[in-house]
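Summary of structural features
Now for the letters of each chain:
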Amino acid sequence: MRVRAFMLAAALAGLGVTAVTAADEPQAVRQQLMKKVGQATGALSGIAKGEKPYDAEIVKASLATISETVKVFPNHFPAGSETGMETEASPKIWENMEDFKAKAAKLGGDAEKLLAELPADQAGVGAALGVLGKDCSSCHESYRLKKD
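1. What about the environment of E141?
Along the polypeptide, E141 turns up in helix α6 (residues 122–143). For E141, a relative accessible area of 62% puts it in the exposed group.

Pasting the structure below:
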């Protein structure tokens, strides 16, 4: 009985280690960071479209999330993480890492500027999304694989 309990515990512990290891993989970290940016952008979009009322705290938090996230995002592209875990990262990232980092820095810088000059209304949030959207598109067009 003890042996069975020990084997079950060992098997369950192994499953936990696998889950933790997968969550720490660069591809998983990148995907989580992009989800954060997507959620922040979605919150801004709701305000810009008039689906949600203007809320300065939400705008501030969303812009801060984008700014902070893109500062660390390029750090999660080590050699050897080009494939796996359904990554959408293009191999072009590793071929042109400096440009990739520059695009991330531009998005972060624009988010910081917008945060400093916080959009004051729905129209301002829409204009801010225009700026950020161009930054996002510039990077995605160059460095994101298209899904089938």
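Read on for the rest.
2. Some remarks on the side chain of S67
Along the chain, S67 turns up in helix α3 (residues 56–72). Of note is the side chain of S67, whose polar atom sits 3.3 Å from the side chain of E112. When neighbours within four sequence positions are excluded, S67 is seen to be in contact with G108, A111 and E112.

3. Considerations on helix α2 (residues 26–48)
Taking 1.5 Å of rise per residue, 23 residues should cover 33 Å, and α2 covers 33 Å from first to last C-alpha, within 8% of that figure. Along α2, the residues that are buried comprise P26, Q27, A28, R30, L33, V37, A40, L44, S45, G46 and I47. The first or second residue beyond α2 is G50, which carries a positive phi of 80°.

4. Thoughts on the nonpolar core
Here is a general trend for soluble globular proteins: nonpolar side chains tend to be buried in one another's company. Counting 15 residues, the largest nonpolar core has L44, V59, L63, I66 and L132 as its most contacted members. Residue contacts for L63: discarding those within four places in its chain leaves L44, A111, L114, L115, L118, P119 and L132. F73, I93, C139 and Y143 belong to the second-largest nonpolar core, a separate cluster that totals nine residues.

5. Some words on the packing of aromatic side chains
According to the stated counting rule, one finds five aromatic pairs in the structure shown. Measuring from ring centre to ring centre gives 5.5 Å for F100 and Y143, while their planes differ by 85°; the resulting arrangement is edge-to-face. Of this pair, F100 sits in helix α5 (residues 97–116) while Y143 sits in helix α6, and the two are 43 residues apart along the sequence. One exposure class covers both F100 and Y143, and it is buried. Members of the aromatic cluster, joined through ring pairs, are F73, F77, W94, F100 and Y143. Looking at R30, its charged tip hangs above the ring of F77, at a distance of 4.3 Å from the centre.

6. As for unusual backbone geometry
Of note, M85 is a non-glycine position whose phi angle comes to about 55°, a positive value. Following the sequence through the fold, M85 ends up in the loop between α3 and α4 (92–95). With phi around 55°, E86 is a residue other than glycine that occupies positive phi space. Relative accessible area serves as the criterion here: at 74%, E86 is assigned to the exposed category.

7. Observations concerning the environment of A64
Mapped onto the secondary structure, A64 falls in helix α3. Judged by relative accessible area, which is 28%, A64 ranks as partly exposed. Separated by 47 residues in the primary sequence, A64 and A111 have C-alpha atoms spaced 7.3 Å apart.

Procedures and definitions
Residues numbered from 1 in each chain as written. Predicted model: local features only at pLDDT ≥ 70, side-chain atom pairs only at ≥ 80, totals over all residues. Heavy atoms only, no water. Helix = DSSP H or I, 4+ residues; strand = E, 2+ residues; numbered from the N terminus. Buried < 20%, exposed > 50% of the residue type's maximum accessible area, 1.4 Å probe, protein only. Polar contact = N/O pair within 3.5 Å; in protein donor to acceptor, adjacent residues only side chain to side chain. Contact = heavy atoms within 4.5 Å. Expected span 1.5 Å × (residues − 1). Core = buried A, V, L, I, M, F, W, Y, C linked by side-chain atoms within 4.5 Å. Phe/Tyr/Trp six-rings, centres within 6.5 Å; stacked < 30°, edge-to-face > 60°. Lys NZ or Arg CZ within 6 Å of the ring centre and 35° of its normal.

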